[in-house]
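Reading the structure
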Number of protein chains: 2
Amino acid sequence: MNDSLTFLEEPEDTREEILKATYEAFCEHGYSGITIQRISDKFPKSKSLLYHHYDGKDDLLLEFLEFMLDQTEEQLPLQTGDGADVHIELVVDAMFSSGSMVDNVNFSRAMVELRAQAAHDEQYREYFSRTDRFTSKHVEHIIRSGIEQGVFQNVDPSETAALFQVMFVGTTTQQVTSNESIFEDCRAEFERYVETCLIDSKEE
Amino acid sequence: MNDSLTFLEEPEDTREEILKATYEAFCEHGYSGITIQRISDKFPKSKSLLYHHYDGKDDLLLEFLEFMLDQTEEQLPLQTGDGADVHIELVVDAMFSSGSMVDNVNFSRAMVELRAQAAHDEQYREYFSRTDRFTSKHVEHIIRSGIEQGVFQNVDPSETAALFQVMFVGTTTQQVTSNESIFEDCRAEFERYVETCLIDSKEE
């Protein structure tokens, strides 16, 4: 997800510099190890700016998450020239690549830790509910388009999107919390599901 | 999973009493809040027994997890009188009921927190790798039986089991970290997958 986030490459103002520092400290130390001090170690400007504006690490992390979601929402096009069958392949790619890139493993680990906070922290649960809704709506939109384009079967878009959403959570968590190498097998089966239960084979 | 664990009802010895106290403190306080002190508050015997045998909360939690896995392995029958199609329905039931029972929500929350520890703690990762392997092998066995019985299509058992495994992780995590009510939709779609991609419809 963060590949397309330009503020990590070229922060445009102090706020983006703070969020970049938060990202770096988050990847390096994870949720359990991140502190305002460690964020300020990554921040090139006066530390007092940080301490002045934020009450604690959760305050900063929640702002970082919001900003990342906003950027993702802005950048993800709902309509492109490609068909829905091409779109859904990209979604499946994303589902099985999260965390597999060396640079992203630490980020994925930290995000799994953070999501677990949502089990007892309403603020984090609110946030992850919104990212889930965003993901579901995005997939739902692709499914609807595919049905209209005649490339998908006449499935229930909400139900299909719900399965995709839970799979996203499952693959991300599985990949960083288990040494079992079941990813290729899981992907093969999920692709068989997409081929069999979603793609309209009349079109092939 | 814990429904069938008799040590929670009737601990047979001091060790089982310690593990029961660990379970209760774990459900009440979660991973982030559990301490040896809080476990000892639930323990009816001398606190020194606890402090003498265990180095810290992780030591106790890991033993608790091991014991729970052992008991589950012992109690879960690989062969019963029912067909594999009945078995797989029970597995799908378990996938979508984990944490939905009032008594179990706190346990599910705490387990999601604990699994997130595996993102940076090799001991927990080892443990969850073993539970994953156990789940996968169990599902794989049911799939193989179903193929032999002629009630399932000739699918790849490892691939199918891998998808089930990731779905287990996804449903457990999703349910306690998000307010979105996508469970019914997800279940409907997963059942459609089982009907379409697994069940051999010649037999119906």
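Parameters and conventions
Residues numbered from 1 in each chain as written. Chains lettered and ligands numbered in written order. Predicted model: local features only at pLDDT ≥ 70, side-chain atom pairs only at ≥ 80, totals over all residues. Heavy atoms only, no water. Axes fitted to C-alpha atoms, helices over the stretch in contact; angles between N-to-C directions. Helix = DSSP H or I, 4+ residues; strand = E, 2+ residues; numbered from the N terminus. Parallel < 35°, antiparallel > 145°, perpendicular 65-115°, else oblique. Left-handed = near helix turned anticlockwise from the far one by under 90°. Contact = heavy atoms within 4.5 Å. Nonpolar A, V, L, I, M, F, W, Y, C, P; charged D, E, K, R; others polar. Buried area = accessible area lost by both parts, 1.4 Å probe. Salt bridge = Lys/Arg side-chain N within 4 Å of Asp/Glu carboxyl O. Polar contact = N/O pair within 3.5 Å; in protein donor to acceptor, adjacent residues only side chain to side chain.

With an unreviewed UniProt entry as reference, chain A is termed TetR/AcrR family transcriptional regulator, source organism Halovenus rubra.

Right, let's talk about the packing of helix 7 (residues 122-149) of chain B against helix 8 (residues 157-177) of chain B for a bit. Residues and elements named next belong to chain B. Here helix 7 crosses helix 8 at 135°, and the two axes come no closer than 8 Å. By the angle between their directions, the pair helix 7 and helix 8 is classed as oblique. Note that helix 7 runs across helix 8; the crossing there is right-handed. On helix 8, the residues that touch Asp132, Thr135, Ser136, Val139, Glu140, Ile143, Arg144 and Ile147 of helix 7 are Pro157, Ser158, Thr160, Ala161, Phe164, Gln165 and Phe168. The residue makeup of the contact of helix 7 with helix 8, split by class, is seven nonpolar, five polar and three charged.

With 46 residues of chain B at the contact, the number on the chain A side is 46 residues. Buried surface at the junction of chain B and chain A, both sides included, amounts to about 4,000 Å², of which 60% is carbon and sulfur. Area buried by chain B at its contact with chain A is led by Val166, Thr177 and Glu189 of chain B, which between them contribute 14% of it. The interface formed by chain B and chain A holds two salt bridges in total. The partner of Glu180 of chain B in a salt bridge is Arg133 of chain A, and the shortest N-O contact between them spans 2.4 Å. Taken together, chain B and chain A are joined by 24 residue pairs in polar contact (both at pLDDT 80 or more). Of all elements in the fold, only helix 6 (102-117), helix 7, helix 8 and helix 9 (183-198) of chain B reach the threshold of two or more residues within the side of chain B that touches chain A. Looking at which element gives the most residues to the side of chain B that touches chain A, the answer is helix 8 of chain B, with 15 residues. For the side of chain B that touches chain A, the per-class residue count stands at 18 nonpolar, 15 polar and 13 charged.

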